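The lines below spell out each chain.
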Amino acid sequence: SDVEGVFTADPRIVRNARKLDIVSYEEMLELASLGAQVMQDRSIEVAKKFDVIIHVRSSFTNNKGTIICGGNKISRFSKVKKKGAKRMEETLLSGVTLDKTEAKLTICDVPDKPGLASRIFKGISEEGINVDMIVQNTSRQRITDISFTVPRVMLKSALSTARKICRSIHAGSVFAETDIARVSIVGVGMRTHTGVAAKMFEVLAKQRINIEMISTSDISISCIIKKKFAEKAVRAIHKKFELEKK
């Protein structure tokens, strides 16, 4: 690559982002799918399936890069790393990612009836549109709002399809937002540490950044925020979790 390995954040955004010595397949898949551009998630899937060790390094130097491997090999590589290198299972977070390529759609006044969410997302999937984060508001007077994110390149098709479905189910209007970004944190250590989400939300609150949507997995937390605050959020989160330190 044109970079020396996998970093705790995009070095163009966070100047003191640290290069990681070792990353597990699982974490790299999350990082890649959530916006880290150094690796494609499909390449990690193949490597994981066949247990192929990947060494991500620069095309322009002979410096050691980042090893991507399975959990059964992490101990082996940790032993040969210089003193101070941490095993992946001892590390809370591996990185912060940023994705500015998504758009948010909101369908208003959806009748609160069984099966309508299925009809909405089945219709959208039949058009080959990938849906990521989904949030449904609490029902009020037997109607609700549903928001979801799609790749911005598919926005026009998604908007047209959603409006057709809305007419058929007697829902309200549909509107889109493109000035959003997704900031995420990833780390296997989140499985055994409490309060990680609260800490992330606290950081955003102190920066006066409003969270529009939240999504979590076993090893990641993602927030949809306004795009104008995206890089500020990444830097603040990186600093709060002290990712620049080994």
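Look above for the structure.
Now for a quick tour of the structure. Quick caveat: nothing in here was measured; it's all calculated off a predicted structure. (Residues numbered from 1 in each chain as written. Predicted model: local features only at pLDDT ≥ 70, side-chain atom pairs only at ≥ 80, totals over all residues. Heavy atoms only, no water.)

Okay, the side chain of T97 next. Locating T97 in the fold gives a position in strand β4 (residues 95-99). Within polar-contact distance, the side chain of T97 engages the backbone oxygen of L34 at 3.0 Å. T97 has contacts with L31, L34, G35, A36, R182, V183, S184 and V234, leaving out every residue within four places of it along the chain. (Helix = DSSP H or I, 4+ residues; strand = E, 2+ residues; numbered from the N terminus. Polar contact = N/O pair within 3.5 Å; in protein donor to acceptor, adjacent residues only side chain to side chain. Contact = heavy atoms within 4.5 Å.)

What follows is about the sheet that holds strand β2 (residues 54-56). Here three strands make up an open sheet; going across it, the order is β1-β3-β2 and the pairing mixed. A strand with exactly one partner marks an edge of an open sheet, and here the two such strands are β1 (22-24) and β2. On average, each strand axis in the sheet is tilted by 25° relative to the strand beside it, whichever way the strands run. Here helix α1 (residues 25-33) sits on the sheet in contact with β1 and β3 (66-69), set at roughly 85° to β1. (Pairing = 2+ DSSP bridges. Axes fitted to C-alpha atoms, helices over the stretch in contact; angles between N-to-C directions.)

Counting 26 residues, the largest nonpolar core has V183, I185, M200, V234, I237 and F241 as the members making the most contacts within it. Elements with a minimum of two residues in this core: β4, β9 (180-186), α6 (196-206), β11 (220-226) and α7 (230-240). With five residues, the single largest contributor to this core is α7. For V183, the residues in contact, after removing those within four places along its chain, are V96, T97, M200, I221, S222, C223, I225, V234 and I237. Core analysis: the next-biggest nonpolar cluster, separate from the first, contains 21 residues, V110, I124, V150 and A171 among them. (Core = buried A, V, L, I, M, F, W, Y, C linked by side-chain atoms within 4.5 Å. Buried < 20%, exposed > 50% of the residue type's maximum accessible area, 1.4 Å probe, protein only.)

Look at helix α5 (residues 155-169): 21 Å from first C-alpha to last across 15 residues, which is about the 21 Å you get at 1.5 Å a residue. Of all the positions in α5, only L155, A158, L159, T161, A162, I165, C166 and I169 are classed as buried. Phi turns positive one or two residues past the end of α5, at H170, with a value near 60°. (Expected span 1.5 Å × (residues − 1).)

The next subject is the environment of T106. Secondary-structure assignment places T106 in strand β5 (residues 102-111). What makes T106 buried here is its relative accessible area of 6%. Apart from residues lying up to four places away in sequence, T106 is in contact with D145, I146, S147, S173, V174 and F175. Of the polar contacts made by the side chain of T106, one reaches the side chain of S147; its length is 2.8 Å.

Function-wise, these values are silent; they only describe arrangement.
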